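An overview of the molecular structure
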Amino acid sequence: MFEYTDKPFSDAESLAPLNKYVRQWFNENFSELTLPQKFAFKFIANGKNLLVTAPTGSGKTLSSFLSIINALFNYSLEGSLENKIYCIYVSPLRALNNDIYRNLKLPLDKIYDIIVKEKGIDIIKDNIQKVTIGIRTGDTEQSERAKQLKNPPNILVTTPESLAIMLSSEKFSENFRSVQYIIIDEVHELANNKRGMHLALSVERLARIAEHRLVRIGMSATLYPLEEAAKFLVGYEKGKPRDCIIVDASWSKKFDLKLMAPVQDLIYSNDALIENETYKILDSVIKHNKTTLIFTNTRSNTERVIFNLKKRFNYDLDIAAHHGSLSRESRLSVEEMLKKGDLKCVVSSTSLELGVDIGTINNVVQLGSPKSVTRLIQRIGRSGHSFKDTARGEIIVLDRDDLVECAIMIDSLKSKSLDAFRVPQNPLDVLAQHILGMSLTSQWSIDDAYNLVVQAYPFHALPRADFDSVLDYLAGNYVELESRKVYSKIWLDKSGGTFSRRGNAKLIFMLNQGTIPDEASINVIAGRKHIGSIQEEFFEKLKPNDIFALGGHLYRFESSNGMNCYVSLADAAAPTIPPWFSEQLPLSYELAMNINKFRRQMLDAIIKDRESIGANIKKLKKGEKIDAVLKSMGVDQASSNVIFSYFMEQFLFAGTIPNDKILLIEQTYDATQEVNLIIFHSLYGRRINDALSRLFAIELSNRFDTDVGIMINDNGFILKPDQKIDFTLKTNYNIVDALHSKDIEEMMKENLKRTELLKNRFRHVAVRSFMILKRYKSFKMTVNKQQMSSRMLLKVVEEMDQNFPVLKETYREIFNEVMDLTNAREIISKIKNKEIECKFISTPVPSPFAHTIVSFGYEDILVMKHKRDYLRHLHQLVIEKINENNDHA
Amino acid sequence: MNFMKLTNDIYLIDGLPIAYIKSISAIAISDLHLGYEGIAAKAGVYAPKSNLKKIKEMVGDALGKTGASTIIVTGDIKNEFSSVDIDEYSEMLEFVKFAKRKNTRLILIKGNHDNFVDRYKTLFDIEIFAQEMQKGKYLFFHGEEMPKSISKRVKGNNISEKVEMLIMGHEHPAISLISRIRRKEKLKCFLFGEYRGKQLLVLPAINYLMQGTDINLEPKSRLLSPILKKADINRFRAIAVGYGETLDFGRILDLR
């Protein structure tokens, strides 16, 4: 059962369970408890499973550890502390592990000193041992590992990957018998991905080895729904989640957030002005604060901001960049400088979101929308060192959609309406790794192993047939008997109902386990010329005929083979996909729906206020209702005016405003490219739009026997038929009817065949499932070779059996993680049963709400200028049209 | 029976990478690379076995349709260069037995992957030619080097007057086409053209797992066979095989 509590224990109650030495140390170092500590000390002392969400810098580390340290010193004082592991701490980051190790080593030493001071020579007589701590990651030296095996530390700090390796070592796993506590830090970074799924199973295996009941403690930045995170943390027993106490202390920090636009007019101000004003704001914020952290949405932007700040304001070594493309050394050195207070400002894309200790940040600036409320909290929450400080930050918006999105994001933050996450279910590649790992340490009864696996939340509803198919796969039962010696990685005895290890499996496991795929770099070739390279994650987003920017030119994607991407120069065309598309996280579904709700409220208010608004586009007056809606948003007057005119332009031009109840479909013409566009104003986020657009395109292409190009972003998607077609509302409903009655999963599978997306994801899954080995005996397989091999495998596997676990998992990953097929299906049914009403309009130029998606591909290429020119051009046309209509009226 | 008639004597069986030569009652296949999956598995790529099974299906189908009494393999019956792997051995043996069961004679012209095959000649009871074999109007060879009877370096060499057509493998020819929905579609193909006044037929690889070289995309310099580097490849016709059909796509030049 899950128990929520928001009533902290008093300081006295919290400290009461501590022995006098630990309490003395605490009192000497802290004057009071932080909010998470007021829950954690007592609950952990009572042996409860506990999930705490709290912002960075709220004393989370000590919250989780102090009661455990106390318990260990109690053993020590009794003379019963042994060289055994009592507590395991897991975090996704090695850097964080190093911090934790340092931050705990000191208190452990100090507390021991206090004891020594009082007991003197008695410590030897009473056998009072030091509580030890050790660290084990991929960086740990072989000699240190050997030491840990013989002489394990009381507290072991590690990563999910290293934990899995230790669990699968016959000798080391013996050391886990004594474990009583497991702490999982940064739960929000694990619960939604394969690393976390992998960890969830490791924890169940650990619980099985441990002779005591395992106390599970999870520490997390804010995430929602908390039950989902708790299930991930504590797992299932007898088909039900284990007990857990949930504490939401995320809101202990206050937020002071400002929304800023660099200029009043986001459309007609010239670029130089917008840029100047943006940098002026940045400079002023940096000058007024001791340390400022700036978040951009892409790595290239990070570099650009640094470059401009240096050029414009004579900053030098006092500002630095920190992002994933930089080497580990340079990132570490930036972190060190931050800690020492040597930097005025650091610019980051995502890498500093995590809880690595970076000292005191006074202010956080977010450039553009961070696309999710949770991410906003996480980022802004990095400012203000102590838990009592207020987190201060500014969001600088760069266009009108950004403005609306961020205004609603701040509103959602205030009303604590967060994005929901889901723990992926039944990832079969992760399961395959664990079954192999399990086989290494002992013989298993198949039933017993299944019962263990379903205790992990990501597998709690795993169909037995899927479990069996993974066993069959690992046993090599997909090839004929005589080859199994080479193909099988476990020994499966079906009649006896057991499985166990095979000779070479240990080597395979130790060299290849882990869930993070090697990312490939793809060569871009035009004609016979090598133009440059793109990242695989971007490559897999490309559809043939997409136009993208590289090195100052535009190219059309034509075909690919393995590591090569063939393109042709297309400078005259319009880009359809921005280069950062794979880097920026999609807009969260919940936030999208909040924006839709706001759009609906605005539409209702506009209709009610229609009379008082007036028809002159230049002299619109907000009515009462509109004013009320905008006021409730809490934005300043200037922003409120911008939003009002943006919505009015859309309303006057298109006659309606798309929202959660109205899906606006707009057929229009793009004169610059001379193409017909069918724009779906489906503000559902990119993952749903990815699925929806493909499905609509397939149907459209079949009906009209034409090629259909696709562009998507968070706010909608565009279908571009190759020839002029007569699209009507009826066509739309026919398509919806067809989609509603069809097996869309099958349609998608067909659609994905031979796409880069399928090929790449299959490679990742095949590597995770040990169907392709990255490392084996003396070789290391290059990504290139992995790719070639996976293509060959895919061809055979596709013909073999659609339920082959490696293929099944590939589709599951694409449908649930890359896209959101479930919600896409939901949207289709809502349209079908008229919960969402489709409205169709034909426009001479794209309506205002379509402008960002139409110009989407332009974004962030070095010709940002072109995008603005294009936007202004569109806007001009819209205004002319509205005026024209008024003149006629 | 559905065939594409390439010449008065040579027929391409619909959908199969196999040529039937009527006058000598033989089918010609190339580049089997038997043992492929087993070798891949030893290197850490666990491909399910399908190659030999598919080859037997295709060859069985061709023999049934043509009644040919001979199978000519123009090289690379197996995959490894340096030795004979156990998987190769067992698959070769299985293929030999298969040919026997079908009452056909198996002739192998060695390719660059066929070292050490000679040691099984007696055991398998097959004919093996090291370089080339002339049979009727045809000269069969693998293709990784110029056969002696063509090579200019060997003095006084002239392709025998009697030879009208050269038949080889090695190149694994394929063509890539962009389909209507803009997907790249790769199809194995025969190449049919001329070299020094003789007809030249390049057989596609019958190996099921190997995709082949895109003859219409790769520059000539990247081709593997010396004879194709010398020939005017653009004027060769590509006869593609796939989806149960065999279709003439015309000249390579027009497919670039």
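Residues numbered from 1 in each chain as written. Chains lettered and ligands numbered in written order. Predicted model: local features only at pLDDT ≥ 70, side-chain atom pairs only at ≥ 80, totals over all residues.

**Observations concerning the overall build of chain A**
- A tally of regular secondary structure across chain A gives 34 helices and 31 strands.
- Dimensions of chain A, computed from C-alpha atoms along their principal axes, come out at roughly 100 × 70 × 50 Å.
- For chain A, with 889 residues in total, the buried portion stands at 50%.
- Look at the contacts in chain A between residues 6 or more apart in sequence, and 72% of them connect residues 24 or more apart. (Helix = DSSP H or I, 4+ residues; strand = E, 2+ residues; numbered from the N terminus. Buried ≥ 20, exposed ≤ 12 C-beta atoms within 10 Å, placed from the backbone. Contact = placed C-beta atoms within 7 Å.)

**Observations concerning the overall build of chain B**
- Along chain B, the regular secondary structure elements total six helices and 16 strands.
- Relative to the compact-globule value of 18 Å for 256 residues, chain B shows a C-alpha radius of gyration of 17 Å, a close match.
- Taken over the C-alpha atoms alone, chain B extends approximately 55 × 45 × 35 Å along its principal axes.
- Here chain B, with 256 residues, has 45% of them falling under the buried criterion.
- Long-range contacts, defined here as pairs at least 24 residues apart, represent 69% of the contacts in chain B between residues at least 6 apart. (Rg over C-alpha atoms; globule rule 2.2 N^0.38 Å.)

**What to know about the confidence of the model for chain A**
- Taken residue by residue, chain A gives an average pLDDT of 89. The fraction at 70 or more is 97%.
- The low-confidence segment residues 860–864 of chain A, where pLDDT is below 50, has twelve contacts with residues more than four positions distant or belonging to other chains. (pLDDT = per-residue confidence, 0-100.)

**Here we look at the domain arrangement of chain A**
Residues and elements named next belong to chain A.
- As assigned here, chain A comprises domain 1 (2–252), domain 2 (254–412) and domain 3 (589–660).
- Spacing between the C-alpha centres of domain 1 and domain 2 amounts to 33 Å.
- With 17 residues of domain 1 at the contact, the number on the domain 2 side is twelve residues.
- Among the elements that line the side of domain 1 that touches domain 2, the one with the most residues is helix H5 (residues 94–119), at three residues. (Domains from an automatic or database assignment.)

**With respect to the packing of helix H26 (residues 686–704) of chain A against helix H32 (residues 821–832) of chain A**
Residues and elements named next belong to chain A.
- It is at 8 Å that the axes of H26 and H32 come closest, and there the two elements cross at 65°. At the point where H26 passes H32, the crossing takes the right-handed sense. Counted together, Ile688, Ala691 and Leu692 of H26 and Leu821, Asn823, Ala824 and Ile827 of H32 form the full contact between these two elements. (Axes fitted to C-alpha atoms, helices over the stretch in contact; angles between N-to-C directions. Left-handed = near helix turned anticlockwise from the far one by under 90°.)

**Thoughts on the sheet that holds strand E20 (residues 521–526) of chain A**
Residue and element names in this part refer to chain A.
- With mixed pairing, the five strands of this open sheet are ordered in space as E21-E20-E24-E23-E22. A single partner strand is all that each edge strand has here, and the edge strands are strand E21 (529–535) and strand E22 (547–550). Across the sheet, the mean angle separating the axes of adjacent strands is 45° when strand polarity is ignored.
- The pairing of E20 with E21 spans six bridges and is antiparallel. Across the sheet, Ser521 pairs through a bridge with Gln535, a residue of E21. (Pairing = 2+ DSSP bridges.)

**A short note on the packing of H26(A) against helix H27 (residues 729–741) of chain A**
All names here are of chain A.
- Running from N to C, H26 and H27 cross one another at 110°; their axes reach a closest spacing of 10 Å. As the angle between them shows, H26 and H27 are arranged roughly perpendicular. Relative to H27, H26 is oriented so that their crossing is right-handed. Facing Leu695, Phe696, Glu699 and Leu700 of H26, the residues of H27 in contact are Ile735, Ala738 and Leu739.
- A breakdown of the residues in the contact of H26 with H27 according to their chemical character gives six nonpolar, no polar and one charged. (Parallel < 35°, antiparallel > 145°, perpendicular 65-115°, else oblique. Nonpolar A, V, L, I, M, F, W, Y, C, P; charged D, E, K, R; others polar.)

**Looking at the sheet that holds strand E10 (residues 244–248) of chain A**
Residues and elements named next belong to chain A.
- A sheet is described by the order of its strands in space; here eight strands give the open sequence E1-E10-E2-E7-E6-E3-E5-E4, paired in parallel fashion. The open sheet has two free edges, formed respectively by strand E1 (2–5) and strand E4 (133–136), since each of these has just one partner strand. Geometrically, the sheet is characterised by an average inter-axis angle of 15° between neighbouring strands, direction not taken into account.

**Re the pairing of strand E26 (residues 675–680) of chain A**
Residues and elements named next belong to chain A.
- By the bridge criterion, six bridges tie strand E25 (residues 662–670) to E26 in an arrangement that is antiparallel. Its bridge partner lying in E26, Glu666 is registered against Ile679.
- Relative to strand E28 (residues 716–721), E26 runs antiparallel, the two being bridged by three bridges. Bridging from a neighbouring strand, Ile678 pairs with Leu719 of E28.

**As for the interface of chain A and chain B**
- Listed as interface residues are 25 residues of chain A and, on the opposing side, 19 residues of chain B.
- Those elements that provide at least two residues to the side of chain A that touches chain B are helix H20 (484–487), strand E23 (553–561) and helix H30 (783–800) of chain A.
- Considering only residue class, the side of chain A that touches chain B consists of 15 nonpolar, six polar and four charged.

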